[in-house]
Amino acid sequence: MKNVYITAIAAALPNAPVGNDEIESVLGQAGAQPSRARRVILKSNKIKNRYYAVDPKTGERTHTNAKLTAEAIRALGDWYSKGIDCLVCGTSLPDQLMPSHAVMVHGELASPPCEVVATAGVCLAGMSALKYGWMSVATGQHQRVVCTGSEVASAVMRGKLFEPETAASVDTLENKPEVAFDKDFLRWMLSDGAGAVALEPTPAKEGLSLRVDWIDIRSFANQLDACMYAGARKREDGSLESWKDLPHETWLKESIFAVKQDVRMLNEHIVATTIEQYLPEVIEKYQLVADDIDWFLPHYSSGYFRERAYEGIKNGGLEIPFERWATNLPDKGNTGSASIYIMLEELYHSGKLEPGQKLLCWIPESGRFSSSFMMLTVCDHQDQS
């Protein structure tokens, strides 16, 4: 197996940042009255700014998912202009059911023919794309690979597409913030963005590269029902009833294509399963030691989970203090499968990295509970590890 290096990283965030007081005016009001839960949810999630592919004046879309992804790839600059052998794109919400998101991105790029692969899922779609790209370089199949993660969640979060919000008790929300996720959570949590990385079998000739040491992914769908879903209705027994089996009028009446979250499942299992159950296996497999990790890049959907994630990795056997955490959730928002790319892009260009440093990344998803850990090593052009 050959070494694989991330030799370039880029991100694309649409339009100007949107502050907390601007969200409802940009996305549009859902129902006859402003959301009564918005402030409580925003106080809990700690997000201050996010980005939307929406024109704030007209409420119309400014970017498709494919277009925003193509912008991130073009932002790789000189590296991208030299051509690619393989394009791997992951997203939760492609612009259409078919053809695949990846071929639509390839069409936007209008670049020469290459292998094109799409990965599906929720937040792990971006990591699945990165693992495919990593393996294709490691096995010698390709020399120049681009992997992406992207989301344009605002396309299905605009107020005009939602039924009037179910009234909720503000007192209840303040006493137990996670119950707010049930109805209003996703409107105030999800945001838009795309990221791209370039993979090669040798480090960049100038500047720093990130060697991909390993990527580990695990599904726990054998243990748990679906938690986050779209295009389906959840039955009382926890199974999903597909949009294909429902009358057309039900699609609109019950907002079948809206993204939904079983918040109680999320609260109970996201840390216990994706960290505490999984991490000990990863520690044993790769002989991880907390003191060897210089940066921890965790993807969590809300500031509400920050302390819980810390306790989770501590209970899992790997205590890493907050001063070694690198996250941009407050300023970039929760961009789903793009989040790890956008975090890496910011840290990579921050000037804080030095050769030899180790970066541990953790990316969970609540679709039906899956998780991933990835280890990267900072290196220069002389790396021959």
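An account of the accompanying structure is given in this report. Quick caveat: nothing in here was measured; it's all calculated off a predicted structure.

Scoring rules and cut-offs
Residues numbered from 1 in each chain as written. Predicted model: local features only at pLDDT ≥ 70, side-chain atom pairs only at ≥ 80, totals over all residues. Heavy atoms only, no water. Helix = DSSP H or I, 4+ residues; strand = E, 2+ residues; numbered from the N terminus. Expected span 1.5 Å × (residues − 1). Bend = angle between axes of the 7 residues up to and from the residue. Buried < 20%, exposed > 50% of the residue type's maximum accessible area, 1.4 Å probe, protein only. Contact = heavy atoms within 4.5 Å. Pairing = 2+ DSSP bridges. 1 Å grid on protein atoms, 1.4 Å probe; cavity = no way out; pocket = protein on both sides within 12 Å on 5 of 7 lines; lining within 4 Å. Points joined across faces, edges and corners; volume = space filled by probe spheres on them. Nonpolar A, V, L, I, M, F, W, Y, C, P; charged D, E, K, R; others polar.

## Observations regarding the environment of Leu360
Here's step 1: Relative to the helices and strands, Leu360 resides in strand β14 (residues 358–365).
Here's step 2: The spacing of Leu360 and Asp292 is 68 residues in sequence and 9.9 Å in space, taken between C-alpha atoms.

## Thoughts on helix α10 (residues 263–277)
Here's step 1: Along its 15 residues, α10 runs 20 Å from first to last C-alpha, staying within 8% of the 21 Å computed at 1.5 Å per residue.
Here's step 2: If you look at α10, its biggest bend is around 50 degrees, right at His269.
Here's step 3: Of all the positions in α10, only Val263, Met265, Leu266, Asn267, His269, Ile270, Val271, Thr273, Thr274 and Ile275 are classed as buried.
Here's step 4: Each element contacted by the buried residues of α10 is listed here: β10 (232–234), β12 (260–261), α11 (279–286), α12 (306–316), β14 and β15 (370–379).

## Regarding the side chain of His269
Here's step 1: Of note, His269 is situated in helix α10.
Here's step 2: Judged by relative accessible area, which is 18%, His269 ranks as buried.
Here's step 3: Ignoring sequence-local partners within four residues, the contact set of His269 consists of Leu224, Thr274 and Phe369.

## Concerning the pairing of strand β7 (residues 193–200)
Here's step 1: Counting buried positions along β7 yields 8 of 8 residues, so the element is predominantly enclosed.
Here's step 2: Alternating positions in β7 separate into two faces, Gly193, Gly195, Val197 and Leu199 on one and Ala194, Ala196, Ala198 and Glu200 on the other, with burial throughout.
Here's step 3: The pairing of strand β1 (residues 5–12) with β7 spans 7 bridges and is classified as antiparallel. Pairing of Ile6 across the sheet is with Leu199, part of β7.
Here's step 4: Two elements, strand β6 (residues 145–151) and β7, share 7 bridges in a ladder whose sense is antiparallel. The partner of Thr148 across the bridge, within β7, is Ala196.

## Topic: empty space enclosed by the protein
Here's step 1: Applying the stated rule across the entire model yields 1 cavity of 30 Å³ or more.
Here's step 2: Within this model, the largest cavity holds a volume of roughly 50 Å³.
Here's step 3: Contributing to the lining of the largest cavity are Pro298, His299, Tyr300, Thr327, Asn328, Leu329, Gly333, Ser339 and Met343.
Here's step 4: Each residue belonging to the lining of the largest cavity can be placed in one class, and the counts come to 4 nonpolar, 5 polar and no charged.

## Quick look at unusual backbone geometry
Here's step 1: A cis amide bond, omega 0 degrees, links Met98 with the succeeding residue Pro99.
Here's step 2: For Pro99, the location among the structural elements is in the loop between β4 (86–91) and α5 (101–109).
Here's step 3: Despite not being glycine, Asn15 has its phi angle at roughly 60 degrees, a positive value.
Here's step 4: Of note, Asn15 is situated in the loop between β1 and β2 (18–19).
Here's step 5: Of note, the phi angle at Gln287 is positive, near 55 degrees, even though the residue is not glycine.
Here's step 6: Its location among the elements puts Gln287 in the loop between α11 and β13 (295–298).
Here's step 7: A relative accessible area of 62% means that Gln287 is categorised as exposed.

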